[in-house]
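Fold and contact review
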Amino acid sequence: KIIIADFGSQTTQLIGRRLRDLNTYCEIVPYNKIPTDLTGVRGIILSGSPYSVYAEEAFTADIAAIRGRLPILGICYGAQLMVHQNGGSVENSNTREYGASTLQLVDKGDPLLAGLSPQHTVWMSHGDTITRLPEGFKVIASTPSVQYAAYRIAGEETWGVQFHPEIHHSEEGTKLLDNFVTLCGIKGEWSSESFIESSIASIKAQVGDEQVIMALSGGVDSSVAAVLLHRAIGNQLTCIFVDHGLMRLGEAEQILADYKALGLGCIKVDASAKFLGDLAGVRDPEAKRKVIGRDFIEVFEAEAKKLPQARWLGQGTIYPDIIESINITGKVIKSHHNVGGLPERMHLKLVEPLKHLFKDEVRRVGLALSMPRHMIFRHPFPGPGLGIRVLGEVTPEKVAILQQADKIYTDMLRKYNLYDEVWQAGAILLPVQSVGVMGDERTYEYTVALRAVTSVDAMSADWARLPYDFLAEVSNEVINKVRGVNRVCYDVSSKPPATIEWE
Ligand code: XMP
């Protein structure tokens, strides 16, 4: 694997993304956690940073400890840091550069630059510039304003580049990273099939002959994790599906049928009466989330207690959930989903076979496991389900109204081949009644808002430009077929400042 040491740059994740696109396995670690035991590590990339190497708060690492042991590539700050630590100069000069620049190769024979055009566009983003290289560092490429745009340390497989090869606008950046990966000697080792094979082996080794329990939601991550666990340990795995009554119309049944077809034995617990009962009278969005979260844990725990031999909790945690990223304050932030403290309380160990994968890799693994496309490409759906899409108080009647409207909308998205065009879509029932007219009758009924967004990671999102004719048809169908609704709106808010969900 390749290790990417994160010095806090906004593009660290992007470096990882590019390496994965090159079928290369990589892990991102905070700058202060570069391992000294380099067994299995074939190369190290040092990321950029918001700091200057001279800043008091600057993140530093002992690069000398790893230099010469394996190929190293410093990007921007990473390149400056090695210069700074070896007696060269980095200055905040008037050559600060943001944006496109033309890279001119100086040493065309350098293997990092193999196959690159003699002149091409690279993306710069730096305030500081390397103004003097230490002894033994030799320049291999320049731009009109930055003489030392790329260097190599003589006699070592250590390089530094001032530009950002990971950024899309660096025309031949991927080729440069590809060259680096080749120099590390691990090119193209990652594939869904090899991942499945190696994770089955490691799950077996980890779990042994002990029992695993797992909560399934129908979501992509937990489903793929469960299928993988099932391949590895068969009936040592027990899956539990808690039906909170807040799924889409017919979805709980569909999910269970899918699991059954995949050979996963899944215990269904119908707890909708409990959830809806506990939600009665609760209007505040956060309070509703708390009720749903608490009920989920109670129901799951009660069910899990019927399997006292279970020692492990399986989870569909993926890389973005666990990634340790650092922010400008230097704190390591770790966000880790788990079932609300449940593993600790029940003394369960965690088995998380997907924890090093990005979402699209999870999807590739799912397809390689022959899971159905509709499961793999299912839109994200919030854990609290329609409980946070019926705004305000949730009642069984309102859930039923929303389920019908949502089904018309979702079916129509599929019919018009728009489902895969958007990141996620759903209907929201507003706690607003308005006046309408049907036949000769005055009506006073609810409003349904339609939401559809495009996004790559749900951190930001834009409202999807769905065709007017499509929206017209959905609106007609909803108003004509769903009793209790006389008005349909389309949400044209982006995130930020709005969020994808309304509550
Ligand atoms: P927001 O509304 O914050 O949503 O823009 C971002 C993404 O997260 C999903 N979401 C949730 N998922 N439990 C979940 O598992 C939740 O409580 C929850 N709230 C929001 C949302 O659907 C979107 O994909």
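For the structure itself, look to the data block above.
Small disclaimer: the values here were computed from a predicted structure and weren't measured.

1. What about the nonpolar core?
Formed by 92 residues in total, the largest nonpolar core has its most connected members in Val224, Leu354, Tyr409, Leu450, Leu466 and Phe470. Among the elements that line this core, the one with the most residues is helix H5 (residues 220–233), at nine residues. Ignoring sequence-local partners within four residues, the contact set of Leu450 consists of Tyr409, Gly426, Ala427, Leu471, Val474, Val488, Cys489, Tyr490 and Asp491. Membership of the second largest hydrophobic core comes to 34 residues, among which are Cys26, Leu116, Ala141 and Ala149.

2. Details of the pattern of salt bridges
Taken as a whole and assessed by the stated rule, the structure comprises 29 salt bridges. Lys274 serves as the salt-bridge partner of Glu298, at 2.9 Å between the closest nitrogen and oxygen. Taken as a pair, Glu298 in helix H8 (residues 285–304) and Lys274 in helix H7 (residues 272–279) lie far apart in primary sequence, 24 residues in all. Residue classification places Glu298 among the partly exposed residues on the basis of a relative accessible area of 38%. We classify Lys274 as partly exposed; its relative accessible area is 30%. Across the pair Asp462 and Arg465 runs a salt bridge, and its minimum N-O distance is 3.1 Å. Looking at Arg465, the relative accessible area reads 54%, which means it is exposed. Shared partners join several salt bridges into a network, and the residues in it are Lys274, Asp278, Arg294, Asp295 and Glu298.

3. Concerning helix H11 (residues 359–368)
Residues Glu361, Val362, Arg363, Val365 and Gly366 constitute the buried set of H11. Buried residues along H11 sit in contact with helix H1 (12–21), helix H4 (192–207), H5 and helix H12 (373–376). Where H11 ends, the next residue or the one after it, Ser370, has phi of about 60 degrees, a positive value.

4. Topic: the sheet that holds strand E13 (residues 237–243)
Taking strand neighbours across the sheet as the criterion, the five strands line up as E14-E13-E12-E15-E18 in an open arrangement whose pairing is parallel. Each of the sheet's edge strands pairs with one partner strand only, and the pair in question is strand E14 (266–270) and strand E18 (349–351). Across this sheet, the average inter-strand angle for adjacent strands is 30 degrees, counted without regard to direction. Pairing of strand E12 (residues 211–216) with E13 involves five bridges; the strand directions are parallel. The partner of Leu216 across the bridge, within E13, is Phe241. On top of the sheet, H8 reaches E12, E13, E14 and strand E15 (310–314); it is set at about 145 degrees to E13, its chief contact.

5. Quick notes on the state of the cysteines
Evaluated as defined, the whole model comprises zero disulfides. Cysteine Cys239 remains unbridged, with the sulfur of Cys266 as its closest cysteine sulfur at 5.4 Å. For Cys239, a relative accessible area of 0% gives the class buried.

6. What about the site of the ligand?
If you check the shell around the ligand, you find Arg289, Pro380, Pro382, Gly383, Pro384, Gln424, Ala458, Lys495, Thr499, Ile500 and Glu501 and nothing else. Interatomic distance of 3.2 Å between a backbone N/O atom of Gly383 and an oxygen atom of the ligand. Considering the ligand on its own, with 500 Å² of exposed area, one finds that the protein chains cover 67% of that surface. Here the residues of the shell around the ligand sort into five nonpolar, three polar and three charged.

7. A short note on the packing of H4 against H5
Where H4 contacts H5, the axes come no closer than 9 Å and their chain directions differ by 65 degrees. Classed by the angle they form, the pair H4 and H5 counts as roughly perpendicular. In this structure, H4 crosses over H5, and the sense of that crossing is right-handed. Contacts between H4 and H5 involve Phe195, Ile196, Ser199, Ile200, Ile203, Lys204 and Val207 from the first element and Leu228, Leu229, Arg231, Ala232 and Ile233 from the second. Tallied by class, the residues present in the contact of H4 with H5 amount to nine nonpolar, one polar and two charged.

8. A closer look at helix H14 (residues 468–481)
Its 14 residues place the ends of H14 20 Å apart at the C-alpha level, agreeing with the 20 Å of an ideal helix rising 1.5 Å per residue. Buried within H14 are the following residues: Phe470, Leu471, Val474, Ser475 and Val478. Looking straight down H14, one finds that the buried residues subtend no more than 130 degrees of arc, so they occupy a single side. Facing away from the buried side of H14 by more than 90 degrees, the exposed set consists of Tyr468, Asp469, Asn480 and Lys481. In this structure, the buried residues of H14 make contact with helix H13 (396–415), strand E20 (441–454) and strand E22 (485–490).

What counts, and at which threshold
Residues numbered from 1 in each chain as written. Predicted model: local features only at pLDDT ≥ 70, side-chain atom pairs only at ≥ 80, totals over all residues. Heavy atoms only, no water. Core = buried A, V, L, I, M, F, W, Y, C linked by side-chain atoms within 4.5 Å. Buried < 20%, exposed > 50% of the residue type's maximum accessible area, 1.4 Å probe, protein only. Helix = DSSP H or I, 4+ residues; strand = E, 2+ residues; numbered from the N terminus. Contact = heavy atoms within 4.5 Å. Salt bridge = Lys/Arg side-chain N within 4 Å of Asp/Glu carboxyl O. Pairing = 2+ DSSP bridges. Axes fitted to C-alpha atoms, helices over the stretch in contact; angles between N-to-C directions. Disulfide = S-S within 2.5 Å. Near = heavy atom within 4 Å. Polar contact = N/O pair within 3.5 Å; in protein donor to acceptor, adjacent residues only side chain to side chain. Areas by Shrake-Rupley, 256 points an atom, 1.4 Å probe, with all protein chains shown as cover. Nonpolar A, V, L, I, M, F, W, Y, C, P; charged D, E, K, R; others polar. Parallel < 35°, antiparallel > 145°, perpendicular 65-115°, else oblique. Left-handed = near helix turned anticlockwise from the far one by under 90°. Expected span 1.5 Å × (residues − 1). Arc of directions from axis to C-beta.

No statement about biological role is implied by the geometric values presented.
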